[in-house]
Structures are given as structure tokens and as C-alpha cells.
Amino acid sequence: MSEPKVWARKSTFIFAAAGSAIGLGNIWKFPYMVGENGGGAFVLVYLICVLLIGLPVMMSETIVGKYSHGNAIDAISKTAKRSNASQWWKGTAVLSMVVIFVILSFYSVIAGWAVDYTYNFAIGEFSGKNADQVGKFFGDLLADPKRLIIWHSVFMFLTAIIIARGAQEGIEKSLGIMMPLLFIILIAVVGYSMFATGKFSETINYMFSADFSKITPMVIIKAMGQAFFSLSLGMCVIMTYAAYMRKDVSITESSLYVTGLDTIMALLAGLAIFPIVFANGMNTGSGPGLLFVTLSTAFAQLGVIGTVLGMAFFFLVIIAALSSSISLVEPFVKWCEEHFGINRVVTTFTYCFAVWAFGLITIYSFNDWSVVEFMGTEDKPLLGIGKSPFDVLDFFASSVFLPLGGLLVSLYVGWAMDKEISREQLFTLSGFFFSLWLVVMRFVVPVLICLVFVSSILGEAKTVEIIEQVTNYFH
Ligand code: TRP
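None of the values given here were measured: they were computed from a predicted structure.

Draft legend 1. Here's a closer look at the site of the ligand. In the vicinity of the ligand lie 16 residues, with A21, G25, Y107, F229 and S232 positioned nearest. Between F229 and the ligand, the recorded distance is 2.8 Å, taken from a backbone N or O atom to a nitrogen atom. Here a nitrogen atom of the ligand and a side-chain polar atom of S232 are 3.0 Å apart. Contact with the protein chains hides 100% of the accessible area of the ligand, taken as 360 Å² for the molecule alone. Looking at the shell around the ligand, the elements with two or more residues in it are helix 1 (12-21), helix 2 (24-36), helix 10 (217-230) and helix 14 (303-340). Split by residue class, the shell around the ligand holds eight nonpolar, eight polar and no charged.

Draft legend 2. Broad picture of the side chain of T284. One can find T284 in the loop between helix 12 (251-279) and helix 13 (289-300). The exposure class of T284 is buried, given its relative accessible area of 11%. Of note is the side chain of T284, whose polar atom sits 3.1 Å from the side chain of Y206. Ignoring any residue separated from it by four or fewer positions in sequence, one finds T284 in contact with G35, Y206, F274, V277, F278 and L290.

Draft legend 3. Representation of the packing of aromatic side chains in the model. For the coordinates displayed, the defined rule picks out 41 aromatic pairs. Plain terms: the ring middles of W113 and F292 are 5.3 Å apart, the flat faces sit at 85° to each other, and that makes the pair edge-to-face. Taken together, the positions of W113 in helix 5 (residues 90-122) and F292 in helix 13 put the pair 179 residues apart, joining distant regions of the chain. Note on accessibility: W113 and F292 belong to one class, buried. Against the face of Y67 rests K78, its NZ or CZ located 5.9 Å from the ring centre. The positively charged end of R442 is found above the aromatic ring belonging to W415, 4.6 Å away from the centroid.

About the thresholds
- Residues numbered from 1 in each chain as written.
- Predicted model: local features only at pLDDT ≥ 70, side-chain atom pairs only at ≥ 80, totals over all residues.
- Heavy atoms only, no water.
- Near = heavy atom within 4 Å.
- Polar contact = N/O pair within 3.5 Å; in protein donor to acceptor, adjacent residues only side chain to side chain.
- Areas by Shrake-Rupley, 256 points an atom, 1.4 Å probe, with all protein chains shown as cover.
- Helix = DSSP H or I, 4+ residues; strand = E, 2+ residues; numbered from the N terminus.
- Nonpolar A, V, L, I, M, F, W, Y, C, P; charged D, E, K, R; others polar.
- Buried < 20%, exposed > 50% of the residue type's maximum accessible area, 1.4 Å probe, protein only.
- Contact = heavy atoms within 4.5 Å.
- Phe/Tyr/Trp six-rings, centres within 6.5 Å; stacked < 30°, edge-to-face > 60°.
- Lys NZ or Arg CZ within 6 Å of the ring centre and 35° of its normal.

Written as C-alpha cells, this is what we have:
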């Protein structure tokens, strides 16, 4: 048997997993979720979720990948064999591959918006625009399938090129450039926000002083879901990268670094964005438009500095998204390469083309098909999800299958897989911490994920109602 393929450098697993984790989830989603869910209260709950669920699940996925040095499906198969567990657990990885296909198809479209913004900041298109005009600019972008398709194609193509070149030549080398760049640009924007806007202490106060009355069950549930998405968990992505991990690298330490870096980047994104939003007297609770409308309006008002900042900022978003999107392609490509011996370049381009084509559904959901009453009617959309095909895809991928994947992974590692495998792999962990990890994986994580799962299916209103009924019952 040939030697397993591993990263050239010891630190690459950390870089790769952090690259996967740090993405639109940190820079786009995290700040607007903070804005919508009570500032410091959300941040506090989020940090607890990362530590309590994120870190142990990250360690679990890493164990399976590193143990077997292979693609996720075969990795589960191999560990299951040694544990005398059912081969059906492979279904977890199969399910993941379907889900990340769908996630990538809309991830790329949204990343495409950032490409469009970078380009338009660069040519000075935003200069002097007010909030209404920036809002209209965003609306026009969404209404124009051709423009969306161009940028979606550019982004998918970049992703494919990196993956086609292989783990070391493509992923490892590109991350060596992307990750430092990401950090430098973000620090530069934070630096600007900190010194030039005069709103830094207000921001610190907003993000880090928690008003405990704002911590509702729904905030906790949303924070858990966000932690999962942001850390790329539950989808065998981290497992796939861990397969390239060198033997001498500690899983616990690496997982701590990855979760730490991901969290730091999310917080920095907040520190970069909120001072600018405050300085312009704008609203932090503007939801998904926070970056593409609110922040962009602020940049547009800043003259030349704004043009440079806007360009740098959206370029940062592209890089962060790219280092995540490659992690969504690698699991399938690695499986085809190892399991069927199919050429990597052929698989990559075929797969990316399929994802690209599927992404058209998302693109047309913002314009021509936005009112297609897909599996529901306008006033009674399916499960209350919304009516465009994209709403439905996003709902099933992010709110149903992501937590479901996480649940399966945690049940597999916590219960089905032989705990000796984990004990061997977590060799740097003391007996006490190992037991603590196991208890958390077996009991805490599955229960919490079930909560996220059920609530995301029932919807916010229904969940709040049930929680109220239960609490009333006990009063
Ligand atoms: N974590 C990435 C982000 O924050 C997105 C991502 C990459 C992801 N790989 C994933 C999400 C796997 C879920 C599962 O943007």
C-alpha cells in the first residue's frame, strides 16, 4: 500500500480547516445575526456554543479522518469495521456529500455578489451613492440573472482550478497565500474602523456587554446553528481535511486553534463593520443586507478612502469564501479519486459544472422565479419557509440537513465507534479531559443539536410557543 498522502507542513491542517471555517458565515452572517439578535447577548451565547458543541464535534470529525487517512465515506467504513459497527453509518458521509453540493451551489452565487461589489467599488461605481441608491444597486444586481451568472461562473471556476491541482499543489499552496492575506486585510479594516470613526468604544460596548434579558431560547438556538455553519461542522468536511493530517500533529491542539481562529475572525468582522455602521447613524439590525447595503452605503460616502476600503473589504469576502468553497468540493473529489480511481481533474471540472448548473436555481430565485409558489401557495408557503426555490433549498440544506448531519456524526463518534479509536487519537488529552469530551459527545451535543433541529423545522413562532407552554407547565 502506498503511503497516505499528507500535507507538506505540520500547520497546514490548521490553515485548511480554518480556511474552510472562515467564510461568508463569519464576515457576512455573523455580524448581521449579532445585529438582529441583541448584540452582546448573542455574542456571549455564541462563544459558549462554540466551546461546548463546536470544539468537541470538531475533534470528533478530526479523529475519524486522521485515523483512516481516506475520504469521508471510506473513513467511516474503516472505523466502523474496527468498531464492529454497522456499515450503514457510511450513509452519514453520503448524505453530507449531497448536502454540501447544494450548499456550494448557493454559496457560490452569494460569493459572486462579493465579486460584483469588488469590481464595482474598483471602478468607482459606488462613489457618493446614498442608502437608497445602494439599495437599488443591490436590487438591480439580484434582478439581473446575466450579471449573477457571470460572477457565479467566475467564482466556481476559481474554486475548480484550485481543487483540480490537488491537495498539496492546489489547496495547501493557495491557502498559504489566502489565509495571511485574509488576516491582513481584515486587520487593516478594523484598524480604520477603530481609529478613524471614533465609534470603537461604542462597538466594544455593543458587542461585549451582554444584556441578559435579551438571551431568549431562540437566541440560543440561532447561535448554535450559526456555530455549526461557521465551523463547517457536521458535513464531513473537516473529516476530509483531517485525512491529510500528519501523524505527529495533536488533534486537540489543532481543533482549539481552528475554533479559536474562526471565532476571532467573526469577532473581528464585527469590529470592522459596526463602528462604520454606527458612525453613519445606521441600523445594525438590517439583516442580510448589512454588508451589501448598510456597510456599502457607508463606504460609498467616504470618497476615495471608501472606494479603497470597499474594494479591500469585498475582496476579503471573496477570499474567505474561496477558502471555504474549496472545502466543499474536496470531499466528493477525494472519494472519486480514491474509491474509483477517476482522474482528479476530470472529476473536479465535471462536479463543479454540475454545481454551477444547479446554482442557476438560486440565481433565478432572485428574479424570474422569485414568486414561483414552489410547493405551497403565496400566503401559505410550504412549512412557512418562503416561496422561492432558493428559500426551499436553503431551508433544507442549512436548517434541516446540517444539524441532522451533525447529529449523526456525534452519535457515530460518541456511541457507535469504538472509544479506543478516540482514546488513541486524542493521545495528548489527560484521562479527565478525555472522559469529559466523551460525556459531552454522548449526551450534551446530541440533545442540543436535536433542539436546533426541531426548532428549525417548526419555525420560530411555533418553537417559542412550545417553549412557553413547557415553562408554564413547570411554574
Ligand atoms: N464555514 C463556512 C462559512 O462560515 C461555510 C462552510 C464551508 C460550511 N464548509 C462547510 C458550512 C461545511 C457547513 C458545512 O462560511
